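As a plain string of letters, each chain reads:
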Amino acid sequence: MMKGKPMKAWILGGSSGLGLELVKEAERHSIDPVTLGRNSQLQVDLSDRQSVEALCQKIEVMEAELLKDVSFFVWNAGEFEYGPFDQAEKLASMFAINADAPTRILQTFVRRKKKLRSPFHLITIASVAVWKARADMAIYAGTKAYQAQFSRSLALEFERDLPGSKVVIVHPAGMKTGLFPASINTSEFMDPREIAGIIWREALVQEKFCDWFNVLRVEGKPSVSRENVSPELAYDELPKYNTGGFGG
Ligand SMILES: NC(=O)c1ccc[n+]([C@@H]2O[C@H](COP(=O)([O-])OP(=O)(O)OC[C@H]3O[C@@H](n4cnc5c(N)ncnc54)[C@H](OP(=O)(O)O)[C@@H]3O)[C@@H](O)[C@H]2O)c1
């Protein structure tokens, strides 16, 4: 990258909630955010296959210099439905928004980046739902687990094929955003602005090619933990930590 040129971050789902805070926080670090989503600079409706293909086509023919400038790809967009599995209405769109469409977009993006030998940093916003089992969230949790393990595995290909690239997978506990239906009381949840600050701070000092961490509530405050993402804890709270349960 040319000296003095600002780094760019593509932020998939940068219009609200955590994504909007990641956009603002990027600017505080003098990183240029470019949003991708329905209400974004690069428009895409992740639930609409044609719209996803149109964006992939745009990336396919995008000017090389524009793509080379992209130092970060933040995979943040997500959809959530709360309720018994057999009554789920958003199965198809949760699979599309949380897994299928971002994978396709990343595939086109990575293909171009590899041809350009232009490494980048993938910031994957997963969830504690990846490892913490909760009733009425099975499809959501499954798609987030896909997102996390996909990213972790992709990091090995980056190390081999696109050296200099990095991956970080973030597992936040509950944040006060519009992700949840009104029936879920989010008043005790974390402030997404604080979480965005933590995510950029951690990503910007990352040395390992692949890293992952939780952001959990400890005595009401967000706290970073790498000590355990363990299946044995799937039905329990991490010792000392509150993972942001829904009180039910
Ligand atoms: N809130 C929490 O407690 C929590 C906890 C752990 C992890 N997370 C994860 O954090 C991420 C951000 O969620 P949030 O809580 O900030 O929720 P949010 O405010 O509802 O934001 C969701 C984002 O996803 C994008 N999106 C949703 N449907 C889309 C579609 N069809 N096409 C394109 N983009 C779409 C939205 O962009 P447009 O509207 O512009 O399309 C929006 O920017 C998600 O991956 C979520 O799983 C959240």
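The rules behind each value
Residues numbered from 1 in each chain as written. Predicted model: local features only at pLDDT ≥ 70, side-chain atom pairs only at ≥ 80, totals over all residues. Heavy atoms only, no water. Phe/Tyr/Trp six-rings, centres within 6.5 Å; stacked < 30°, edge-to-face > 60°. Helix = DSSP H or I, 4+ residues; strand = E, 2+ residues; numbered from the N terminus. Buried < 20%, exposed > 50% of the residue type's maximum accessible area, 1.4 Å probe, protein only. Lys NZ or Arg CZ within 6 Å of the ring centre and 35° of its normal.

Trainee: Go over the packing of aromatic side chains with me, naming the residues and quoting the values.
Mentor: All told, the structure shown has 12 aromatic pairs when counted by the stated rule. On the basis of an interplanar angle of 50° and a centroid distance of 6.4 Å, the ring pair of Trp10 and Phe73 is categorised as tilted. One end of the pair, Trp10, is in strand β1 (residues 8-12); the other, Phe73, is in strand β4 (residues 70-75), and 63 residues separate them in sequence. Judged by relative accessible area, Trp10 falls into the buried class, the value being 3%. Considering the side-chain rings of Phe73 and Phe109, the 5.2 Å spacing of their centres and the 55° angle between planes classify their relative orientation as tilted. Of this pair, Phe73 sits in strand β4 while Phe109 is found in helix α4 (residues 91-115), placing the two residues 36 residues apart along the sequence. In this structure, Phe73 and Phe109 share a single accessibility class: buried. The ring of Trp212 is capped by Arg152, whose NZ or CZ atom sits 4.4 Å from the centre of that ring.

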